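Each chain is listed here by its residues.
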Amino acid sequence: MKKLIIIVACILFGCSSVNIKGINSAPDFSITKYKTFNFFDVDVKGDALGPNYQSNLELLKAAIVKQMELKGLKQDTGNPNLMVNIGVVVSEEIQTRETSFTNPTDRVGYMGQRNYSWQAGEVEVGKYRDGTITLDFVDQASNKLVWQGSAESVIPNKETNVPPLIDSGMEQLFAKIK
């Protein structure tokens with residue numbers, strides 16, 4: 001129940017926390033071995049992306065550039081040492097709760113009918129978009145994946161809350177890089 005209240009509050013008020021998951025790296029990976037990076041082309045599809053997807057992708061790239069520069073790398077469109085692939089999955093989710101006979105607000109008042117029955121069931125309480133960003137670092141010389149990490153969060157409804165969420169997510173994700 002506590003989780004339900006937190007999720008509903010985040011949907012209504014635009015707060016989102018970032019969940020870092022799935023960090024994998026090659027045994028010999030060290031970000032300090034690389035001096036330059038660039039991005040693979042991003043190909044996107046999906047119904048839940050939203051009208052601001054392209055501008056949010058640019059914000060995401062800018063946040064990645066910032067974190068890469070903090071790690072000592074420079075963006076190079078010519079011949080980078082490291083290529084960055086951005087994977088984005090956005091899905092529309094439905095938040096539900098289960099009705100309960102012990103909860104007075106879930107019970108329907110009964111007056112006069114003999115054939116009354118009540119059943120517990122799921123009730124939709126809201127919709128939200130869940131987004132996952134996966135970064136793949138590919139060594140340009142060997143063409144091998146050397147690091148991968150994912151960050152996941154509820155996407156805020158207010159567009160003004162998206163840039164701080166992207167910055168926070170990339171900061172937390174890059175903190176996992178050795």
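Engineer: Whenever I open this one, the side chain of threonine 36 confuses me. Can you help?
Structural biologist: Inspection of the secondary structure puts threonine 36 in strand β2 (residues 36-39). Engagement of the side chain of threonine 36 in a polar contact is seen with the backbone nitrogen of asparagine 81, the distance being 2.8 Å. Excluding residues that lie within four positions of it along the chain, threonine 36 makes contacts with Leu73, Lys74, Asp76, Asn79, Pro80, Asn81 and Leu82.

Engineer: Help me understand the pattern of salt bridges, please; the structure alone is not making it clear to me.
Structural biologist: A side chain of one charge can pair with a side chain of the opposite charge if their charged atoms are brought near each other. This structure, assessed with the given rule, holds two salt bridges. A salt bridge links glutamate 152 to lysine 21; the nearest nitrogen and oxygen atoms lie 3.2 Å apart. One end of the pair, glutamate 152, is in strand β6 (residues 144-155); the other, lysine 21, is in strand β1 (residues 19-25), and 131 residues separate them in sequence. One salt bridge connects aspartate 28 with lysine 33, and the closest N-O pair in it is separated by 3.9 Å. For aspartate 28, a relative accessible area of 56% gives the class exposed.

Engineer: Please explain the packing of aromatic side chains as it appears in this structure.
Structural biologist: A ring pair, where both rings are aromatic, is described by two values, the distance of the centres and the angle of the planes. Applying the stated criterion to the full structure yields four aromatic pairs. For the pair phenylalanine 37 and phenylalanine 39, a centre-to-centre distance of 5.9 Å together with 90° between the ring planes defines the contact as edge-to-face. Residue classification places phenylalanine 37 among the buried residues on the basis of a relative accessible area of 0%. What links up through ring pairs into an aromatic cluster is the set Phe137, Trp147 and Phe174. The aromatic ring of phenylalanine 39 is capped on one face by lysine 61, whose charged end is 5.5 Å from the ring centroid.

Engineer: How do you make sense of the nonpolar core when you look at a structure like this?
Structural biologist: Considering soluble globular proteins, one finds that nonpolar side chains tend to be buried as a cluster. Counting residues in hydrophobic clusters, the biggest one holds 28 residues, and the most contacted among them are Phe29, Ile64, Met68, Leu82, Leu135, Phe137 and Met170. Counting only elements with at least two residues in this core, the list comes to β2, α2 (53-70), β4 (82-98), β5 (122-139), β6 and α3 (162-174). What leucine 135 contacts, discounting residues up to four positions off in sequence, is Ile64, Val84, Asn85, Ile86, Trp147, Gln148, Gly149, Met170, Leu173 and Phe174.

Engineer: Just to check I follow, could you spell out α3 for this structure?
Structural biologist: Structurally, the α-helix is built with 3.6 residues per turn, so residues lying three or four positions apart point the same way. Between its first and last C-alpha, α3 extends 18 Å over 13 residues, near the 18 Å set by a 1.5 Å rise per residue. What α3 keeps buried is the set Val162, Leu165, Ile166, Gly169, Met170, Leu173 and Phe174. An end-on view of α3 places all buried positions within 155° of arc, on one side of the element.

Definitions and limits used
- For every chain, the first residue of its written sequence is number 1, and the numbers climb from 1 along that sequence.
- A pLDDT threshold of at least 70 governs which residues receive local features in this predicted model, and a stricter bar of 80 or more applies before side-chain atom pairs are shown or counted, although totals over entire chains, interfaces and linings include all residues.
- Side-chain measures were taken over the full set of non-hydrogen atoms in the model, leaving aside hydrogen atoms and water.
- Helix numbers and strand numbers start at the N terminus; a helix is a DSSP run of H or I with at least 4 residues, a strand a run of E with at least 2.
- Side-chain atoms alone can form a polar contact between residues adjacent in sequence; in general such a contact is a pair of N or O atoms within 3.5 Å, and within protein one must be able to donate a hydrogen while the other accepts it.
- Contacts are residue-level and defined by heavy atoms, with any inter-residue pair within 4.5 Å sufficient.
- Salt bridges, as used here, are contacts in which a Lys or Arg side-chain nitrogen is within 4 Å of a carboxyl oxygen on Asp or Glu.
- Each residue gets one of three labels from its accessible area relative to the maximum for its type: buried under 20%, exposed over 50%, partly exposed in between, using a 1.4 Å probe on protein chains only.
- Each aromatic pair joins two rings of Phe, Tyr and Trp (for Trp, the six-membered one) with centres within 6.5 Å, and gets the label stacked for planes under 30 degrees apart, edge-to-face for over 60, and tilted for any other angle.
- We call a charge positioned above a ring when the Lys NZ or Arg CZ atom is no farther than 6 Å from the ring centre and deviates by at most 35 degrees from the ring normal.
- Buried Ala, Val, Leu, Ile, Met, Phe, Trp, Tyr and Cys residues that are joined via side-chain atoms within 4.5 Å together make up what is termed a nonpolar core.
- For a helix, the expected span equals 1.5 Å multiplied by the number of residues minus one.
- This arc is taken over the directions from the axis of the helix to the C-beta atoms.

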